[in-house]
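Here is how the chains run, residue by residue.
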Amino acid sequence: GYILTNNHVIEKARKINVTMANGRKIPATLVGRDPSSDLAVIRIPSRHIHVVATLGDSDKIRVGQKAIAIGNPFGLSHTLTTGIISAIHRGIRTEDGIQIDDLIQTDAAINPGNSGGPLLNSNAEVIGINTAIFSLSGGYQGIGFAIPINRAKYIATQLITDGRVARPWLGITGISVTPGLAEGLNLPVDRGILVVKVFRGSPASQAGLRGGTREVIIGNFRLLIGGDIIKSIGGHGISDMNELGRRLDRLRVGQTVLLEISRGVRDLELRVRLTEAP
């Protein structure tokens, strides 16, 4: 009886009903929701469920393959539209200021009312959850976004088992290293994250990562420098804090990852065991 949908569909609801294909309305209960990923799980009694959708593998999708969207745009129930996968690994910022990354972009017509509906491949497997559109008019303009189903399955599993989502953290603040900053501060690399602060007791602190030790003024900003520079995490190069956040979001609490850092003129490797973000 579990149903996967968008958080923004149900977050302000006092009462939730699910309309079945035959028009019958079934009262639903909220299992859990996760605003950061815009996903939610609701539930109706299992006796009302006779057919379930097959979930595919969103890691295997490719740009150009067929995409099919199902939903209720503008209240027109059971509407099906088709298109292609236009891009993958897209990132958008919602009206609430929440950054959602690794989205599927499609040109299948998605409008208000499609939210929470499935994005299917040509084998009728669910590859995404329709969640957002880019529009200057409020209607379809050829750019829609869906949450990859592999991501949705991971989030839904945590919501069903725990009612919430546990996310890993590193426990630092930092700034992006640019060629200009590297030249001005005489840094050994021109790409990465300069660690400004390491929070006490955090995974980064326990692994021995070091923050800034002396203050400088750059333009109108005061900045602590002298800390480590993170070059990669888990073998993936890192250029800014947003990218670090995206990489951490793909990891699990309790997982140990390898950090490649620069400390002065030395390159070091640190193993960090990730804990749950406070």
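Conventions adopted
Residues numbered from 1 in each chain as written. Predicted model: local features only at pLDDT ≥ 70, side-chain atom pairs only at ≥ 80, totals over all residues. Heavy atoms only, no water. Helix = DSSP H or I, 4+ residues; strand = E, 2+ residues; numbered from the N terminus. Buried < 20%, exposed > 50% of the residue type's maximum accessible area, 1.4 Å probe, protein only. Pairing = 2+ DSSP bridges. Axes fitted to C-alpha atoms, helices over the stretch in contact; angles between N-to-C directions. Contact = heavy atoms within 4.5 Å. Arc of directions from axis to C-beta. Polar contact = N/O pair within 3.5 Å; in protein donor to acceptor, adjacent residues only side chain to side chain.

As for unusual backbone geometry
So, step 1. The phi torsion at A124 lies on the positive side, around 65 degrees, for a residue other than glycine.
So, step 2. The residue A124 is located in the loop between β9 (118-120) and β10 (125-133) in this model.
So, step 3. Among the residues examined, A124 registers a relative accessible area of 48% and is labelled partly exposed.
So, step 4. Even without being a glycine, N186 presents a positive backbone phi close to 55 degrees.
So, step 5. Its location among the elements puts N186 in the loop between α3 (179-185) and β14 (192-198).
So, step 6. For N186, a relative accessible area of 69% corresponds to the exposed category.

Quick word on the sheet that holds strand β3 (residues 25-34)
So, step 1. Sheet architecture is open: four strands sit in the order β1-β4-β3-β2, paired in antiparallel fashion. Among the strands making up the open sheet, the edge pair consists of β1 (2-5) and β2 (16-19). Within the sheet, the average angular offset between the axes of one strand and its neighbour, ignoring direction, is 40 degrees.
So, step 2. For β3 and strand β4 (residues 39-43), the ladder comprises five bridges, and the chain directions are antiparallel. Bridged to L30 within β4 is I42.
So, step 3. Strand contacts of helix α2 (residues 149-162): β1, β3 and β4, with the helix running at about 55 degrees to β4, the strand carrying the most contacts.

A word on the pairing of strand β20 (residues 266-273)
Side-chain positions along a regular strand alternate between the two faces of the sheet.
So, step 1. Relative to β20, strand β19 (residues 256-263) is paired through eight bridges, and the arrangement is antiparallel. Within β20, the residue paired with I261 across the bridge is L268.
So, step 2. With antiparallel pairing between neighbouring strands as the criterion, β19 and β20 make up a hairpin whose turn holds two residues, including G264 at a positive phi of roughly 65 degrees.

Observations concerning helix α5 (residues 241-249)
So, step 1. Here α5 has its buried residues at E243, L244 and L248. Each buried residue of α5 sits inside an arc of 140 degrees when the element is viewed along its axis, so together they form one side.
So, step 2. Where α5 is buried, its residues meet β12 (168-169), β13 (172-177), β14, β17 (229-233) and β18 (236-237).
So, step 3. A distance of 2.7 Å separates the backbone nitrogen of E243 from a side-chain oxygen at the start of α5, and that oxygen is part of D240.

A word on the side chain of Q158
So, step 1. Examined against the element boundaries, Q158 turns out to sit in helix α2.
So, step 2. In this structure Q158 comes out as buried when scored by relative accessible area, which is 10%.

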